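Here is how the chains run, residue by residue.
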There are 2 protein chains.
Amino acid sequence: MGTVGKALDLLNLFTRQRALVGLSEMARLSGLNKATCHRLLTEMESRGLVEQVGAAREYRLGPAVLRLAALRETAVPTRDAAMPVLQALARATGETAHLSLREGDKLVTIAFAYSPTHATKVMMEDADILPWHATSSGQAVIAFLPEAEREALLARPLPRLTDVTETDPGQLRARLDAVRLRGFAETTGTFETDAQSVALPLFLNGDEAVGALGVAFPANRSTPDLLSCIRRELAGAAAEIIDLWGGQSPPGVALLWQRLT
Amino acid sequence: MGTVGKALDLLNLFTRQRALVGLSEMARLSGLNKATCHRLLTEMESRGLVEQVGAAREYRLGPAVLRLAALRETAVPTRDAAMPVLQALARATGETAHLSLREGDKLVTIAFAYSPTHATKVMMEDADILPWHATSSGQAVIAFLPEAEREALLARPLPRLTDVTETDPGQLRARLDAVRLRGFAETTGTFETDAQSVALPLFLNGDEAVGALGVAFPANRSTPDLLSCIRRELAGAAAEIIDLWGGQSPPGVALLWQRLT
DNA sequence: TGTTGATGGTTCATTATTTGAACCGTTGGT
DNA sequence: ACCAACGGTTCAAATAATGAACCATCAACA
């Protein structure tokens, strides 16, 4: 791996729970030498990608990422274009809508919208990383990935997050087959107990999913009516987002969704 | 300069006007060897910072920057925290409000809000880079920078963007003195003919400005009443944003702003 | 149809940069 | 007063970056 890769990997050590990282801790986490870490960090600091803060001189992500993200959004209005649809979806279903994108081997939540309808709702966080096997969004995406990539992701450890999390690759494969047949994924309590969710894969061009659109709600609120409402609204919203992105869903999937509405 | 710096500099070659850049062009723009460019780009691509797209295999900013920006925002809610204030400011003044942050030697617009009041308004773009000498936001920030940094920025070329752009460092220095005395900056037609704007510096801690809050409007709408309204609203909004950021404006500046309201 | 010039991408000997153990100066706790 | 942890620095040794020359491909053009 080249020097640049090492530097960029350092950026991935920042998480929401660990927004500030000191030099030594960074070296420990990355496995790199402290001096190497220091050089990489100062180099990234000079470009504003990270910044040093406070008396402890800890590092955190810098303001340059905001500019880059704004630039990316004007070039490819992924988040901004989907935001209104997401809000409408939350309003129409009365539940929490969220949009996740695939980034290599990670599934990252990049936007979400709440509904004011109910006091209890499923809360989300930006930049959350969702497990492939235990969320409806993860299953929706992974089901519509080329077989090789799907198997690569299934070959990784599948942690049992709750009592009902499916951790057997074989069983999971069967579920993904079902997802592919229905055009959407549904999970109940596999990620967080009491939370249920429905998700549809999102496409740009070709048959490969690039992300997912989901609605999550407290499982105790689940009724056939609510579910069919959510499926219906999701199908419309997903089609709309794909359209806004200038993409196209595979004909087979589009047909499945039409039946939902 | 290290390898990492070179790679990150490649990211800065992407602009709104040039969202897609091919390999050869990138080498040309950066002055690096084509092979070097290619290696740096593929390495950044493997981390999602850039992506390759289309038949021409051109490069553009990748989805990873969205995740990083979202993470930065949860750690340091710069944009999201200021957004409501910005919208209120646009509503109260009836004009275009915008927020810019200093990133090293650049001043970058990271958010803005329009008012529906008038059909004609000053339009803005995310990730715009503002010239220090020709915008009220630039002057507001540069006036409240340590002398050494101010002089470094004044020593660079100061392009004449319109007929009335001040390009003489000496004259500019005098203007900045005035800005410091008044606590805000005002320019008319120095960036774009027909556009007028007022801006206040933003502080985090200490006397060094980290950004600016501005309101821009068509010069032909300018009246003493509008100006005093804008100054008043700006003072309140700037104080609010600084407070939301957990910062503090220098006592002298805070006093000047209080007189405006 | 063959030529030209552009593109993205690859190779490999040369070269310059990265690397890391050991070091320094501070700080905070015991 | 001590110790351990912190951020940061040094410099010879090791490794990774570099770039001229090279393909393959494509589009325009004669």
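Residues numbered from 1 in each chain as written. Chains lettered and ligands numbered in written order. Predicted model: local features only at pLDDT ≥ 70, side-chain atom pairs only at ≥ 80, totals over all residues. Heavy atoms only, no water.

Let's talk about the overall build of chain A
And step 1. Within chain A one finds 10 helices and 8 strands.
And step 2. For chain A, whose C-alpha radius of gyration is 20 Å, the value lies close to the compact-globule estimate of 18 Å for 261 residues.
And step 3. Reported as C-alpha extents along the three principal axes, the dimensions of chain A are approximately 60 × 40 × 40 Å.
And step 4. The buried share of chain A, reckoned over its 261 residues, is 51%.
And step 5. If you take every contact in chain A between residues at least 6 apart in sequence, the share linking residues at least 24 apart comes to 56%.
And step 6. Entry remark: accessible area of chain A is about 11,300 Å², with carbon and sulfur atoms responsible for 52%. (Helix = DSSP H or I, 4+ residues; strand = E, 2+ residues; numbered from the N terminus. Rg over C-alpha atoms; globule rule 2.2 N^0.38 Å. Buried < 20%, exposed > 50% of the residue type's maximum accessible area, 1.4 Å probe, protein only. Contact = heavy atoms within 4.5 Å. Areas by Shrake-Rupley, 256 points an atom, 1.4 Å probe, with all protein chains shown as cover.)

Observations regarding the relation of the copies chain A and chain B
And step 1. Superposing chain A onto chain B requires a rotation of 180° together with a translation of 0.0 Å along the rotation axis, leaving an RMSD of 0.0 Å. Look at the turn and shift together and you get a two-fold axis relating the two. The rotation axis passes nearest to the C-alpha of A:Val4 in chain A, at a distance of 2.5 Å.
And step 2. Interface overlap between copies: 98% of the residues of chain A at the interface are likewise at the interface in chain B, consistent with a symmetric, same-surface contact. (Least-squares fit on C-alpha atoms with pLDDT ≥ 70 in both.)

Structural notes on unusual backbone geometry
The phi torsion of most residues other than glycine is negative, and most of the peptide bonds are trans.
All names here are of chain B.
And step 1. Positive phi is not limited to glycine here, since Ala127 has a value of about 70°.
And step 2. Residue position: Ala127 is located in the loop between strand S4 (106-113) and strand S5 (129-130).
And step 3. In this model, Asp194 sits at a positive phi of 80°, which is unusual for a non-glycine residue.
And step 4. Position of Asp194 among the secondary structure elements: in the loop between strand S6 (185-188) and strand S7 (195-203).

Describing the pattern of salt bridges
All names here are of chain A.
And step 1. Within this structure, the stated rule accounts for 30 salt bridges over all chains.
And step 2. Of the charged contacts in the structure, one is a salt bridge between Glu208 and Arg102, with a shortest N-O distance of 3.4 Å. Here Arg102 lies in strand S3 (residues 96-103) and Glu208 lies in the loop between strand S7 (195-203) and strand S8 (209-218), a separation of 106 residues in the sequence.
And step 3. Judged by relative accessible area, Glu208 falls into the partly exposed class, the value being 31%. (Salt bridge = Lys/Arg side-chain N within 4 Å of Asp/Glu carboxyl O.)

Considerations on the interface of chain A and chain B
And step 1. Across the boundary between the two partners, chain A contributes 45 residues, which contact 44 residues of chain B.
And step 2. Counting each side, the surface lost to burial between chain A and chain B is near 4,000 Å², with a carbon and sulfur contribution of 70%.
And step 3. Taken together, the links from chain A to chain B amount to 6 salt bridges.
And step 4. One salt bridge connects B:Arg47 with A:Asp9, and the closest N-O pair in it is separated by 2.6 Å.
And step 5. Linking chain A with chain B are 14 residue pairs in polar contact (both at pLDDT 80 or more), by the criterion used here.
And step 6. For the side of chain A that touches chain B, the elements supplying multiple residues, two or more each, are helix H1 (3-11), helix H3 (34-46), strand S2 (58-61), helix H4 (64-75), S3 and strand S4 (106-113) of chain A.
And step 7. When residues of the side of chain A that touches chain B are assigned to their parent elements, the largest contribution, 12 residues, is made by H4(A). (Buried area = accessible area lost by both parts, 1.4 Å probe. Polar contact = N/O pair within 3.5 Å; in protein donor to acceptor, adjacent residues only side chain to side chain.)

Considerations on H3(A)
And step 1. Helix length check: H3(A) (13 residues) gives 18 Å between terminal C-alpha atoms against 18 Å at 1.5 Å per residue, within 8%.
And step 2. Of the positions making up H3(A), those classed as buried are A:Cys37, A:Leu40, A:Leu41, A:Glu43 and A:Met44. For H3(A), the angular spread of the buried residues around the axis is 160°, confining them to a single face.
And step 3. Looking at the packing, one finds that the buried side of H3(A) touches H1, helix H2 (23-30), strand S1 (50-53) and S2 of chain A together with helix H1 (3-11) of chain B.
And step 4. In the segment just after H3(A), A:Gly48 is the residue with positive phi, at about 80°. (Expected span 1.5 Å × (residues − 1). Arc of directions from axis to C-beta.)

Considering the protein's contact with DNA strand D
And step 1. Taken together, 19 residues lie near DNA strand D, and A:Ser24, A:Arg28, A:Lys34, B:Asn33 and B:Arg39 sit nearest.
And step 2. The sugar-phosphate share of atoms of DNA strand D within 4 Å of the protein amounts to 68%.
And step 3. Measuring from a phosphate oxygen of DNA strand D, one finds a side-chain N or O atom of A:Tyr59 at 2.9 Å.
And step 4. Every element with two or more residues in the surface near DNA strand D is listed here: H2 and H3 of chain A together with H1 and helix H3 (34-46) of chain B.
And step 5. Each residue belonging to the surface near DNA strand D can be placed in one class, and the counts come to 5 nonpolar, 9 polar and 5 charged. (Near = heavy atom within 4 Å. Nonpolar A, V, L, I, M, F, W, Y, C, P; charged D, E, K, R; others polar.)

Remarks on the domain arrangement of chain A
And step 1. What the domain assignment lists for chain A is domain 1 (3-66) and domain 2 (76-260).
And step 2. Here the C-alpha centre of domain 2 of chain A lies 32 Å away from the C-alpha centre of domain 1 of chain A. (Domains from an automatic or database assignment.)

A look at the packing of aromatic side chains
And step 1. Evaluated as defined, the whole model comprises 4 aromatic pairs over all chains.
And step 2. When the ring of A:Phe144 is compared with that of A:Phe203, the centres are 5.6 Å apart and the planes differ by 90°; the resulting orientation is edge-to-face. Of this pair, A:Phe144 sits in the loop between helix H6 (136-143) and helix H7 (147-154) while A:Phe203 is found in strand S7, placing the two residues 59 residues apart along the sequence.
And step 3. Ring centres of B:Phe112 and B:Tyr114 lie 5.2 Å apart, and the angle between their planes is 50°; on these two criteria the pair is classed as tilted.
And step 4. We classify B:Tyr114 as partly exposed; its relative accessible area is 29%.
And step 5. Over the aromatic face of A:Phe184 sits the side chain of A:Arg182, whose NZ or CZ is 4.7 Å from the ring centroid. (Phe/Tyr/Trp six-rings, centres within 6.5 Å; stacked < 30°, edge-to-face > 60°. Lys NZ or Arg CZ within 6 Å of the ring centre and 35° of its normal.)

Structural notes on the pairing of S1(A)
Residue and element names in this part refer to chain A.
And step 1. Bridging between S1 and S2 involves 4 bridges; their strand directions are antiparallel. Looking at S2, one finds that Val50 is bridged to Leu61.
And step 2. The hairpin formed by S1 and S2 contains 4 residues between the paired strands, and Gly54 there has a positive phi angle of roughly 80°. (Pairing = 2+ DSSP bridges.)

A word on the packing of H1(A) against H3(A)
All names here are of chain A.
And step 1. Relative orientation of the contacting elements H1 and H3 amounts to 80°, with a least axis distance of 10 Å. Taken as axis vectors, H1 and H3 run roughly perpendicular relative to one another. For the pair H1 and H3, contact is made by Thr3, Lys6, Ala7, Leu10 and Leu11 and by Cys37, Leu40, Leu41 and Met44, respectively.
And step 2. Here the residues of the contact of H1 with H3 are counted per class, giving 7 nonpolar, 1 polar and 1 charged. (Axes fitted to C-alpha atoms, helices over the stretch in contact; angles between N-to-C directions. Parallel < 35°, antiparallel > 145°, perpendicular 65-115°, else oblique.)

Quick notes on the nonpolar core
And step 1. Formed by 109 residues in total, the largest nonpolar core has its most connected members in A:Leu99, A:Leu213, B:Leu99, B:Leu213 and B:Trp257.
And step 2. Setting aside residues no more than four positions away along its own chain, B:Leu99 makes contact with B:Ala82, B:Leu86, B:Val108, B:Thr109, B:Ile110, B:Ala111, B:Leu202, B:Ala212, B:Leu213 and B:Trp245.
And step 3. With 48 residues, the next largest nonpolar core counts A:Leu10, A:Ala70, B:Val4 and B:Ala7 among its residues. (Core = buried A, V, L, I, M, F, W, Y, C linked by side-chain atoms within 4.5 Å.)

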